[in-house]
Amino acid sequence: LSGKFQVGSFDIGLTSFSSGAIQMDGQGANVTGCDITSSSPQVKGLCSVVPSADVKMDTKAVLARYKINENFSVLGGMRQVSLKDSSVTTVQATYNLDATSKTGGVYGLAYERPEIALRLEIIRSEAISFGLSGTAESALPLTGSDMVVPEATTINFQTGIAEGTLLMASAHRVSWSSSQINVDVVGAGAGELDIDSAFTDTTTYSLGIGRALSDATAVNVSYSWEDGAGATSTDAFTMSNGSKTLSLGVRHTIGDMILSGGVSYTKVGDVSVTPTPGLTADYENNSVMSFGVKVGYSF
């Protein structure tokens, strides 16, 4: 849910949305007799290294834009990221995480030339660090554990290239390598229940064309791609090696109401995951089809 209104020389925007989730059920594949410490390949082969998880994060943000002149404006604001009560089960243990929330800044700069529909926007979001509390195996406390919502930089660009036609491009860089999840379990032998992620930085690029069919209706098509971190990984939460996405959208105006809808098809790269020696999860030939609808109203 988002809203925008004007206060003096400022445009103010408010938004609230579900910003992240990890929902997996790999441990449902476990077969009775699994023993990850066994030296027998047959016994170890009964184990699943894919975790089960129910983790959700919500974001609330307030942003303000101040227009310096007809061409330049600055943006700034805050975002609050909230982790819900969550659970994660791996082949080693079950972890329960307590709800928590933290706040970080957002700021940016925009340049516009309305006569050619040109807009260049740079937005940067600060990293947000959480201290994690909870338990492993229902009794062992998590101490010194933390996770980081990474800092991100987004560049958005658009310009008119013909009557009623827009060229659109964007780049979104996320600093995952400095935003790991670290879980330290007090009382675990030699850290056998500790978790350390192995995320790597990502950059997603997008290129698209928008075309007005009439005063009320416009369509767009875009292609997005993200390079992966390689065909192999040691992180049990890795499910793909990059992605390629084709999206189609339509926007229609009825009076003060704007209806938007779209469909995207994503092909994700194959990856082989080996978080534990002798155990591997292979993800191959996977794809995602997604649909979205948005309704906006001006008053």
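Right, let's walk through the structure included here. Since the model is a prediction, treat every value here as computed from it, not as a measurement.

Among the structural elements, Asp11 can be located in strand 2 (residues 10-25). The contact partners of Asp11, leaving out residues within four places of it in the chain, are Lys4, Phe5, Gln6, Leu63, Ala64 and Arg65.

Take the state of the cysteines next. If you walk through the whole model with that rule in mind, you get one disulfide. The disulfide bridge from Cys34 ends at Cys47, spanning 2.0 Å between sulfur atoms. What sets the handedness of the Cys34 and Cys47 disulfide is the S-S torsion sign, and at about 105° it is right-handed. Linking Cys34 in the loop between strand 2 and helix 1 (41-44) with Cys47 in the loop between helix 1 and strand 3 (52-67), this pair joins segments that are 13 residues apart in sequence. Under the relative-accessibility criterion, Cys34 is labelled partly exposed at 28%.

On to the pairing of strand 18 (residues 217-226). Of the pairings in the sheet, the one linking strand 17 (residues 202-212) to strand 18 comprises nine bridges and is antiparallel in character. Within strand 18, the residue paired with Thr204 across the bridge is Glu226. Linkage of strand 17 to strand 18, two consecutive antiparallel strands, is achieved through a turn of four residues. Summarising the sheet, strand 18 and strand 20 (residues 243-254) pair through ten bridges and their orientation is antiparallel. Residue Val219 lies in a different strand from strand 20, and its bridge partner there is Val250.

It is worth spelling out the packing of aromatic side chains at this point. Counted by the stated rule, this structure contains six aromatic pairs. Ring centres of Phe10 and Tyr66 lie 5.2 Å apart, and the angle between their planes is 40°; this geometry places the pair in the tilted category. With a gap of 56 residues between them, Phe10 in strand 2 and Tyr66 in strand 3 connect regions that are remote in the sequence. Given a relative accessible area of 40%, Phe10 falls into the partly exposed group. With 5.0 Å between their ring centres and 50° between their planes, Phe72 and Tyr111 make a pair best called tilted. Here the residue Phe72 occupies a position in strand 4 (residues 72-83), and Tyr111 occupies one in strand 7 (residues 100-113), the gap between them amounting to 39 residues. Of the residues examined, Phe72 reaches a relative accessible area of 37% and is grouped as partly exposed. Through successive ring pairs, a cluster of aromatic residues spans Tyr205, Tyr223 and Trp225.

Conventions adopted
- Residues numbered from 1 in each chain as written.
- Predicted model: local features only at pLDDT ≥ 70, side-chain atom pairs only at ≥ 80, totals over all residues.
- Heavy atoms only, no water.
- Helix = DSSP H or I, 4+ residues; strand = E, 2+ residues; numbered from the N terminus.
- Contact = heavy atoms within 4.5 Å.
- Disulfide = S-S within 2.5 Å.
- Buried < 20%, exposed > 50% of the residue type's maximum accessible area, 1.4 Å probe, protein only.
- Pairing = 2+ DSSP bridges.
- Phe/Tyr/Trp six-rings, centres within 6.5 Å; stacked < 30°, edge-to-face > 60°.

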